[in-house]
Amino acid sequence: MRRTVRGVVAILCCLDISVPTPDFYRYAWLPPAAVEPSGRFIRITWADGIELQAFDLWLRENAVGAGGVDPATREGLMDPADHDHGQPISAATIDDQGAVLVWFGSESEACRFHPGWLRHVADGQHRPPRWLPLPQTWTARDRTEPPTHAGPHVLGDDHAFAAWMNDLVSLGFARLRGLPDDPDILLTLAKRIGAVRDTNFGPIWDVRADIEMAGSADTNSTANTSLRLGPHTDLPTREVPPGFQFLHCFRNQCEGGESTMADGAAVVAALENEFPDHYEALTTLHWVFFNRGPGIDHRWSGPLIDLGQPGSPLTLRAFYPVRGFPDMAPHDMPRAYDAMACFSRLAASERFQISYPFEPGDMVGFDNRRMLHGRQPFSAGGSRHLRGIYIDHDDVLSTTRVVNRTRASNQSTQEATSG
């Protein structure tokens, strides 16, 4: 069979030329059109006009097998204290296969760099948001229930798992239905995602809410009552609250108790646009959050809307049962309370909040620092037993990047080999 020119080009671009990269990914072989030393940089230019300004020390510390990166671990070896500023780039070129060769100072051997790896840096694919789905904010006009996937399918199929993970990260929540009658199914799911974050509630925790427990001293959480839970996020008492929560409905024979959810990112955007004074108060004025349980004393002071550093995830500290003290000047307290009331009314309004039943076999995963979850009260029926775990953002986002890169790599290989 005669291959098309396009097919041949695709295969050539995917050839695994033996140039190691400072990671364990494979990159298309994309030789640049020109390499030009420029002081302490080299300017690498591709035929489509994309350029990379590569700094000498950055290149040197990313040279695999030449004292920069360990070929086995693919981790850096150069201590910054040992950087030699007296070895600038002495020459740079492109070899016959398209790799970039760079000589440093008086070194006789060139360091060889994979052009596809350099191109992925030029394209910004090394930045944290890459390989993650774009965040999509939503309101009650956009959806009435979580995006839903078949639980057994997600547990057993890589493509279904990737689709569920992308909904979870993009929309902030996603539901599995039809999970087996297994109280530890969350731990099975966690094996595919990452380490379970332990807390004072344990690595996996139970929410057994019985109507007789309302107001009882036998529970250490409002969740273990039949009371309404307004829109909130868990554990704002921590320096870094858990990233994602996964909540499995194991038993539910009660009437009422529907789950509620609102996209905190959409609420925050509305506050910023419509109530700028409240937004300013919510992002700057601090509260002390603390656990009131016996034997624990977790405390943290921060704003209700914690924007963190640029690029860090939005963190909402919005659990009124553990908000203890205003940590601000007395003259700021009236506006702090007014702003907080506005935030809570918006989050619970029909504009933002959705309500849906939580049935046995359901599992809802959600971004605990973005999504405002809650529960309607329940008043009659039998037992209600939920089980939950936390997994931090780092592991959820890492797994999402891996499944998306794997899917893209498999697709490229299939396209390259098709005639």
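Just above, that's the structure.
Conventions and cut-offs
Residues numbered from 1 in each chain as written. Predicted model: local features only at pLDDT ≥ 70, side-chain atom pairs only at ≥ 80, totals over all residues. Heavy atoms only, no water. Helix = DSSP H or I, 4+ residues; strand = E, 2+ residues; numbered from the N terminus. Contact = heavy atoms within 4.5 Å. Areas by Shrake-Rupley, 256 points an atom, 1.4 Å probe, with all protein chains shown as cover. Phe/Tyr/Trp six-rings, centres within 6.5 Å; stacked < 30°, edge-to-face > 60°. Buried < 20%, exposed > 50% of the residue type's maximum accessible area, 1.4 Å probe, protein only. Lys NZ or Arg CZ within 6 Å of the ring centre and 35° of its normal. Pairing = 2+ DSSP bridges. Axes fitted to C-alpha atoms, helices over the stretch in contact; angles between N-to-C directions. Parallel < 35°, antiparallel > 145°, perpendicular 65-115°, else oblique. Polar contact = N/O pair within 3.5 Å; in protein donor to acceptor, adjacent residues only side chain to side chain. Salt bridge = Lys/Arg side-chain N within 4 Å of Asp/Glu carboxyl O. Expected span 1.5 Å × (residues − 1). Arc of directions from axis to C-beta.

So, on to the overall build of the protein chain. Broken down by element type, the protein chain carries 10 helices and 21 strands. Sequence separation of 24 or more characterises 73% of the internal contacts of the protein chain that already satisfy a separation of 6 or more. Counting every atom, the protein chain has about 20600 Å² of accessible surface; 52% of that belongs to carbon and sulfur.

Applying the stated criterion across every chain, the model contains 9 aromatic pairs. Arranged with centres 5.1 Å apart and planes meeting at 50°, the rings of Phe-41 and Phe-55 form a pair that is tilted. Highlighted residues: Phe-41 in strand β2 (residues 41-45) and Phe-55 in strand β3 (residues 51-55), separated in sequence by 14 residues. Judged by relative accessible area, Phe-41 falls into the partly exposed class, the value being 33%. Their ring planes at 80° and their centres at 5.0 Å tell us that Trp-287 and Tyr-337 sit as a pair that is edge-to-face. Here Trp-287 is found in strand β13 (residues 286-290), whereas its partner Tyr-337 is found in helix α9 (residues 333-347), with 50 residues between them in sequence. Here a set of aromatic residues connected by ring pairs shows up, and it is made of Phe-161, Trp-164 and Phe-246. Note that Arg-74 overlies the ring of Phe-24, its terminal NZ or CZ placed 5.1 Å from the centroid. A cation sits over an aromatic face here: Arg-405 above Tyr-25, 3.5 Å from the ring centre.

A few words on the sheet that holds strand β5 (residues 100-104). Across the sheet, 3 strands lie side by side as β4-β5-β6; this open sheet has antiparallel pairing. Unpaired on one side and paired on the other, β4 (89-94) and β6 (111-113) mark the two borders of the sheet. Averaged over all neighbouring strand pairs, the angle between strand axes comes to 20°, with direction disregarded.

Attention now moves to the packing of helix α5 (residues 158-171) against helix α6 (residues 185-193). Between α5 and α6, the shortest axis-to-axis distance is 12 Å and the interhelical angle comes to 90°. When the axes of α5 and α6 are compared, the pair comes out roughly perpendicular. Contacts between α5 and α6 involve Asp-158, Phe-161, Trp-164 and Met-165 on the former and, on the latter, Leu-189, Arg-192 and Ile-193.

Let's shift gears to the side chain of Arg-323. Note on placement: Arg-323 falls in strand β17 (residues 323-327). For Arg-323, the contacting residues outside a window of four places in its chain are Trp-287, Val-288, Phe-289, Arg-292, Tyr-337 and Met-340.

Here we come to the side chain of Asp-362. Checked against the element boundaries, Asp-362 lands in the loop between β18 (354-356) and β19 (363-367). Overall, Asp-362 belongs to the buried group, its relative accessible area being 2%. For Asp-362, the side chain forms a polar contact with the side chain of Arg-177, separated by 2.9 Å. Leaving out residues up to four positions away in the same chain, Asp-362 has contacts with Arg-175, Leu-176, Arg-177, Leu-247, His-248, Cys-249 and Pro-357.

A word on helix α3 (residues 115-122). The periodicity of an α-helix, 3.6 residues per turn, causes residues three or four positions apart to be oriented the same way. For α3, the buried fraction is high: 7 of the 8 residues fall into the buried class. Among the residues making up α3, those that are buried are Pro-115, Gly-116, Trp-117, Leu-118, Arg-119, His-120 and Val-121. Packing partners of the buried residues in α3 comprise β2, β3, α2 (56-61), β5 and β6. Residue Gly-124 follows α3 closely and has a positive phi angle near 75°.

This part is about the pattern of salt bridges. This model, assessed by the stated rule, comprises 21 salt bridges. The salt bridge partner of Glu-51 is Arg-43, with a shortest N-O separation of 3.8 Å. Judged by relative accessible area, which is 24%, Arg-43 ranks as partly exposed. One salt bridge connects Arg-60 with Glu-107, and the closest N-O pair in it is separated by 3.4 Å. Residue Arg-60 is located in helix α2, and its partner Glu-107 is located in the loop between β5 and β6; the two are separated by 47 residues in the primary sequence. Take Arg-60: its relative accessible area is 14%, and that puts it in the buried class. Here Glu-107 falls in the partly exposed class, since its relative accessible area comes to 24%. Residues participating in the shared-partner salt-bridge network are Glu-36, Arg-43 and Glu-51.

In this section: the sheet that holds β18. Across the sheet, which stays open at both edges, the 4 strands sit in the order β10-β20-β12-β18 with antiparallel pairing between neighbours. Only two strands of the sheet have a single partner each, and these edge strands are β10 (229-232) and β18. The mean inter-strand angle of the sheet, taken between neighbouring strand axes irrespective of direction, is 20°. Alignment of β10 against strand β20 (residues 371-375), held across 2 bridges, turns out to be antiparallel. Bridge pairing links His-232 to His-373 in β20.

Structurally, the position occupied by Asp-297 is in the loop between β13 and β14 (299-303). Taking the C-alpha atoms as reference, Asp-297 lies 9.1 Å from Thr-237; in sequence the two are 60 residues apart. In terms of polar contacts, Asp-297 uses its side chain to reach the side chain of Arg-299, at 2.7 Å.

This next bit is on the pairing of strand β1 (residues 34-38). Relative to β2, β1 runs antiparallel, the two being bridged by 5 bridges. From the neighbouring strand, Val-35 faces β2, where its bridge partner is Ile-44. The hairpin turn running from β1 into β2, its antiparallel successor, is 2 residues long, and Gly-39 in that turn takes a positive phi close to 65°.

For the rest of this paragraph, the subject is α9. In this model, α9 (15 residues) spans 21 Å end to end at C-alpha, consistent with the 21 Å of a helix rising 1.5 Å per residue. Within the sequence span of α9, burial applies to Ala-336, Ala-339, Met-340, Cys-342, Phe-343, Leu-346 and Ala-347. Angularly, the buried residues of α9 cover 160° about the axis, an arc narrow enough to put them on a single face. For α9, the exposed residues lying more than 90 degrees away from the buried face are Pro-334 and Arg-345.

Scope: geometric values only; no functional claims are made or implied.
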